[in-house]
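Per-entry structural report
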Amino acid sequence: MKLCNVGHNYDYETEKTVRLFLPFEKIEIVHSICEDERLAVCELKSNNGNFTAFAYVLFDGKRCESKVPVTSTDKRAKETALATALFDCFVKLTDYKPAWGILTGIRPAKLYSRFVADIGKIKTQEYFSNVFKVDDDKISLCLQAVEGENKITSLSSLKSFSLYLSVPFCPSRCSYCSFVSHSVDKAKDLIPEYVEFLCKELEITAKIAKDLGLKLETVYMGGGTPTTLDSMQLDTVLSTVNRCFDISSVREFTVEAGRPDTITEDKLKVIKSNGVTRISINPQTLNDEVLEIIGRKHTAKQTIDAFLLARKCGFDNINMDTIAGLPSDTLESFSNTIEKLISLDPESITVHSLSMKRASTLTKNGELPQISAGKTASDMVNFARKRLNESGILPYYMYRQSKTVGNLENVGYAKKGYEGLYNVYIMDETHTILACGASAVTKLREPDGDNIERIFNFKYPYEYIGRFDEQLRRKDGIVKFYDKCFKRDK
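As a starting point, this report considers the structure included with it. Residue indices follow the written sequence of each chain, beginning from 1 at its first position. The model is predicted, so local features are restricted to residues of pLDDT at least 70 and side-chain atom pairs to those at 80 or more, both for listing and for counting; the totals for chains, interfaces and linings are taken over all residues. Where side-chain values are given, they derive from all heavy atoms of the structure, hydrogens and water being excluded.

A few words now on the packing of helix α1 (residues 11-21) against helix α2 (residues 75-94). Contact pair α1 / α2: the axes reach a minimum separation of 9 Å and the direction vectors enclose 25°. Here α2 runs roughly parallel to α1, going by the angle between their axes. Considering the relative orientation of α1 and α2, their crossing is right-handed. Across the interface between the two elements, E13, T14, T17, V18, L20 and F21 from α1 touch K75, E79, L82, A83, L86, F87, F90, V91 and T94 from α2. For this classification, the nonpolar set comprises Ala, Val, Leu, Ile, Met, Phe, Trp, Tyr, Cys and Pro, the charged set comprises Asp, Glu, Lys and Arg, and every other residue, Gly included, is treated as polar. Its residues placed into classes, the contact of α1 with α2 shows nine nonpolar, three polar and three charged. Here, axes are lines fitted to C-alpha atoms. For helices the fit covers the stretch in contact, and angles between N-to-C directions go from 0 to 180 degrees. Numbering of helices and strands runs from the N terminus, with a helix taken as a DSSP run of H or I at least four residues long and a strand as a DSSP run of E at least two residues long. Orientation labels follow simple angle bins: below 35 degrees gives roughly parallel, above 145 gives roughly antiparallel, 65 to 115 gives roughly perpendicular, and whatever is left gives oblique. Crossing handedness is read from the near helix: turned anticlockwise from the far helix by less than a right angle, it gives a left-handed crossing, and turned clockwise, a right-handed one. Contacts: residue pairs with any heavy atoms within 4.5 Å of one another.

In structure tokens:
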């Protein structure tokens, strides 16, 4: 499709709007009116100082026009009007209205909270509905998420930080995955050495945190699938955390067990004995046919067995992940997954929407969903919210990803008192996250401000191991960052 932007240079905003409806279309942006079989013209017109956003779209042999007055001369008003004009055209031509309207950001709840602080709750709801075109149920979801997130972020203090451990190995690669993770079959020889170097990095990171007087709030071991490590390797890593860090202030210690086919009683006992308070067992779906299609090498029964085994081992805080919009999944099948998960009675359930990442197998194979898939995925997440709310499992955090089927959201639901603290801290960027392991990213948050700096670890395990000394030198950036912050405070 050609996108003709005339009289303005808001290319990013207009392209994002087109991608709400055509997320995988190749878009050529030009700055003059031209002709094409698939065409979107977005023009900013001025008349005696008054601006109007004009759009017309030619799509599948149909044409639609829209005009939206610009309410003021500032940049945001012009962007919003141009996006709205395009949005209105596509809604009419496709008979599909994305529930989040013209919003494309990854933190709608944070935006909602900022608006409430500026103009109050009632005017914010009106603005989201009338200007951003957001559906009422998503506005309600924003409100619930803000309330949940605020309770958690208030627990953080100026010197708080969280610790992230990366274990970038998996039993197999899921078709929707774009993470830097390696299947165990191909990378198992790297694991012993990787564990050794990860523990070294943990020891050095702990000393830095201690010297800076930082307070550890949460620990999260993710991946990949951390439980691809054997029980002795898990014990080595987790005991290093306990030995090197002051965990007396830790409110939550999570291990993402993830794939049910990696969970054994020995591993669960090791995890439990090292003070882990929360685990995640992630079925994604309880439909065996869908599991096979997406490359998950386990069954629905294995998920249920792993959950019951974790209960037997004494875990009383278990999260389970699902994904709405998976290939071949139906509303009926997804609803069945949600009902079965509710019957298991986990403490929290996270409902993700399928994101078509560029590096995933699905995207590389050209298996791209159509608009109808967005409608189905929307019905799925709406069903999940309704049933989970009815079951007392309420939303406490929310975020969005690019190229998500239906432009939908990811939501964490939990029983009261079982909210995942780390999930909120990382998405809200509440405080510093010190990260260890391949592909991990340390986020340094200014204690009394909004400035954030990042330190990137090497992506691949072989690179992480082979260039470890260089990796450690990057840790100097943590000390420099806090020295700068603390000097300013004096």
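Attention now goes to the pairing of strand β4 (residues 50-59). Pairing between two strands is assigned when DSSP locates at least 2 bridges connecting them. With nine bridges connecting them, strand β3 (residues 39-47) and β4 associate as antiparallel partners. Directly across from N47, in β4, lies its bridge partner N50. In this antiparallel pair of consecutive strands, β3 and β4, the connection spans two residues, and N48 shows a positive phi of 55°. Where β4 lies against strand β5 (residues 62-69), eight bridges are found, and the strand directions are antiparallel. Note on β5: the bridge partner recorded for V57 is C64. Hairpin connection between β4 and β5: a loop of two residues separates the two successive antiparallel strands, and D60 in this loop has a positive phi of roughly 50°.

Ring pairs are drawn from Phe, Tyr and Trp, using the six-membered ring of Trp, whenever the two centres fall within 6.5 Å, and their geometry is named by plane angle: stacked under 30 degrees, edge-to-face over 60, tilted for the rest. Tallied over the entire structure, the rule returns 22 aromatic pairs. Centre to centre, the rings of F21 and F90 are 5.1 Å apart; their planes meet at 15°, and the pair counts as stacked. Of this pair, F21 sits in helix α1 while F90 sits in helix α2; the two residues are 69 residues apart in sequence, bridging distant segments of the chain. When accessible area is computed with a 1.4 Å probe and restricted to protein chains, residues below 20% of their type maximum are described as buried, those above 50% as exposed, and intermediate ones as partly exposed. Under the relative-accessibility criterion, F21 is labelled buried at 2%. Three or more aromatic residues joined by ring pairs make a cluster, and in this case those are F21, F59, F87, F90 and Y96. Our definition puts a charge over a ring when NZ of Lys or CZ of Arg is within 6 Å of the ring centre and also within 35 degrees of the ring normal. We note K200 situated over the ring of F197; from NZ or CZ to the ring centre the distance is 4.7 Å. We note K272 situated over the ring of F315; from NZ or CZ to the ring centre the distance is 5.2 Å.

Bringing the environment of G406 into the picture now. Relative to the elements of secondary structure, G406 occurs in the loop between β14 (394-399) and β15 (410-414). Among the residues examined, G406 registers a relative accessible area of 13% and is labelled buried. Placed 383 residues apart in sequence, G406 and P23 show a C-alpha to C-alpha distance of 9.3 Å. Leaving out residues up to four positions away in the same chain, G406 has contacts with Y96 and G374.

By definition, a salt bridge exists where a carboxyl oxygen of Asp or Glu is found within 4 Å of a side-chain nitrogen of Lys or Arg. For the structure on display, the rule yields 30 salt bridges. For D428, the salt bridge goes to K110, with nearest N and O atoms at 3.9 Å. You can see D428 sitting in helix α15 (residues 421-428) and its partner K110 sitting in helix α3 (residues 108-119), a full 318 residues away along the chain. Take K110: its relative accessible area is 30%, and that puts it in the partly exposed class. Among the ionic pairs, E196 bridges to K200, the shortest N-O distance being 3.7 Å. With a gap of four residues between them, E196 and K200 both fall in helix α7 (residues 191-212), about one helical turn apart. Judged by relative accessible area, which is 34%, K200 ranks as partly exposed. Through salt bridges with shared partners, a single ionic network connects R107, E429, K443 and R454.

Along the chain, the position of T153 falls in helix α5 (residues 136-153). Residue T153 is classed as buried on the basis of its relative accessible area, which comes to 19%. Leaving out residues up to four positions away in the same chain, T153 has contacts with V424, Y425, D428 and T430.

For the rest of this paragraph, the subject is the layout of surface pockets. In the cavity and pocket records, a cavity denotes points on a 1 Å grid over the protein atoms alone where a 1.4 Å probe fits but cannot get out, a pocket denotes an open set with protein on both sides within 12 Å along at least 5 of 7 lines, and lining residues are residues with an atom within 4 Å of a point. Grid points are joined across faces, edges and corners, and a volume is the space filled by probe spheres set on the points. Considering only enclosed or pocket space, the second largest pocket measures out at about 1200 Å³ in volume. Lining the second largest pocket are 44 residues, and of these K16, I102, L103, T104 and G105 sit closest to its centre. When residues of the lining of the second largest pocket are traced back to their parent elements, those giving at least two are α1, α2, α3 and α14 (371-390). In the lining of the second largest pocket, the residues fall into 20 nonpolar, 11 polar and 13 charged.

Turning to empty space enclosed by the protein, a few remarks are in order. Under the defined criterion, the tally for this structure stands at three cavities of 30 Å³ or more. Put simply, the largest cavity is a space of about 70 Å³. At the level of secondary structure, the elements contributing two or more residues to the lining of the largest cavity comprise α3, β14 and α15. Here the lining of the largest cavity takes four residues from α15, the largest share from any one element. A class-by-class count of the residues in the lining of the largest cavity yields five nonpolar, one polar and four charged.

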